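Remarks on the overall topology
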Amino acid sequence: MKTVRIKDVSVGQGQPKIAVPITGATQFEILQQAKKIVKYQPDLVEWRIDFFQKVTDKQQLISTAKVLKECLAGLALLITFRTAAEGGQLKLPVEKYYEIVQTIIEQRLSDAIDLEFYRNPAQITRLISLAKKEELTVIVSYHNFQNTPIKEEILKHFTAMSQSGADIAKIAVMPQTKVDVVNLLTATIQSTAVLDLPLIAISMGSLGKISRVAGEVFGSAMTFASVEAESAPGQISINTLRKMLKELRIE
Ligand SMILES: O=C1C[C@@](O)(C(=O)O)C[C@@H](O)[C@@H]1O
């Protein structure tokens with residue numbers, strides 16, 4: 001599988017890389033969480049800006065990102081605005097979403113950006129190109145907090161995402177049954193065999209926890225862990241996750 005760099009982190013090779021989300025509502029909370037997270041030295045930090053109360057205030061967004069970057073002392077930063085349509089915290093007109101994402105890219109506020117693949121295709125294509133031009137790594141994503149599509153559909157999602165020009169493709173879905181979890185894992189194995197980009201595949205909730213620890217076996221290149229605050233159901237605390245990833249290493 002092709003590997004992709006986010007800052008100094010090589011994604012798509014070896015153990016899945018650990019990302020820890022920041023979910024603070026205020027700059028104070030964001031920096032408090034960041035300070036705690038830095039102590040655990042994950043591979044990446046994800047700032048979930050849909051949790052940030054001042055996200056629509058451009059100057060606040062820029063200044064908070066700058067202090068956050070300093071606080072992270074060199075750790076790679078991914079910025080994500082998860083829209084309400086895909087399980088995020090804040091309902092905004094979609095135009096505002098494009099505007100916020102554009103600010104992050106143009107101001108180079110992070111090393112990587114999450115772009116929701118199923119927003120307006122022309123806008124997403126434009127933002128992917130812009131991010132590449134500004135040298136941000138692009139993760140295109142699809143989330144479904146209700147259920148897990150059938151295996152053929154997951155394959156179609158990954159294939160379509162791989163053709164978008166993005167660097168990494170991510171799918172996070174909610175299982176209703178054990179078979180849903182297996183289908184996600186199978187679709188991930190099959191997709192990694194034919195697609196030339198790192199994939200991230202997450203089955204959420206307690207039923208899906210296995211997908212968060214077994215990425216090296218099934219072909220998922222990144223996993224999201226918690227330091228106190230979770231950003232999605234089923235996330236495992238970073239210390240536990242580290243032990244499990246180590247145990248499941250393929251020699
Ligand atoms: O896309 C993802 C994955 C995620 O939803 C999870 O299930 O761990 C957590 C989100 O913060 C992140 O943006």
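Conventions we followed
- Residues numbered from 1 in each chain as written.
- Predicted model: local features only at pLDDT ≥ 70, side-chain atom pairs only at ≥ 80, totals over all residues.
- Heavy atoms only, no water.
- UniProt positions renumbered as here; feature names shortened; annotations may be inferred.
- Axes fitted to C-alpha atoms, helices over the stretch in contact; angles between N-to-C directions.
- Helix = DSSP H or I, 4+ residues; strand = E, 2+ residues; numbered from the N terminus.
- Parallel < 35°, antiparallel > 145°, perpendicular 65-115°, else oblique.
- Left-handed = near helix turned anticlockwise from the far one by under 90°.
- Contact = heavy atoms within 4.5 Å.
- Nonpolar A, V, L, I, M, F, W, Y, C, P; charged D, E, K, R; others polar.
- Buried < 20%, exposed > 50% of the residue type's maximum accessible area, 1.4 Å probe, protein only.
- Polar contact = N/O pair within 3.5 Å; in protein donor to acceptor, adjacent residues only side chain to side chain.

As recorded in an unreviewed UniProt entry, the protein goes by 3-dehydroquinate dehydratase and comes from Liquorilactobacillus nagelii. UniProt annotates the protein under Pathway (unreviewed entry) with the comment "Metabolic intermediate biosynthesis; chorismate biosynthesis; chorismate from D-erythrose 4-phosphate and phosphoenolpyruvate: step 3/7." Quoted verbatim from the Sequence similarities (unreviewed entry) field of UniProt, the annotation for the protein is "Belongs to the type-I 3-dehydroquinase family."

1. Focus on the packing of helix H2 (residues 58–71) against helix H3 (residues 94–106)
The geometry of H2 relative to H3 is characterised by a closest axis approach of 11 Å and an angle of 40 degrees between their N-to-C directions. Considering their axes alone, H2 and H3 lie oblique with respect to each other. The chirality of how H2 crosses H3 is right-handed. Seen from H2, the contacting residues are Lys 58, Leu 61 and Ile 62; seen from H3, they are Ile 100, Thr 103 and Ile 104. Looking at the contact of H2 with H3, its residues break down into four nonpolar, one polar and one charged.

2. Details of the environment of Gln 32
Assignment of secondary structure puts Gln 32 in helix H1 (residues 27–40). Residue class for Gln 32 comes out partly exposed when judged on its relative accessible area of 33%. As for Gln 32 and Gly 12, which are separated by 20 residues in sequence, their C-alpha atoms are 30 Å apart.

3. Focus: the environment of Ile 128
Residue placement: Ile 128 occurs in helix H4 (residues 121–133). Along the sequence, Ile 128 and Asp 167 sit 39 residues apart, while their C-alpha atoms lie 9.3 Å from each other.

4. Details of the side chain of Ser 164
By secondary structure assignment, the location of Ser 164 is in the loop between helix H5 (151–162) and strand E8 (168–173). Note on Ser 164: relative accessible area 18%, which makes it buried. At a separation of 2.7 Å, a polar atom in the side chain of Ser 164 contacts the main-chain carbonyl oxygen of Met 161. Separated by 3.2 Å, the side chain of Ser 164 and the backbone nitrogen of Ala 166 make a polar contact. Among residues more than four places away in sequence, those in contact with Ser 164 are Phe 117, Ile 128 and Val 140.

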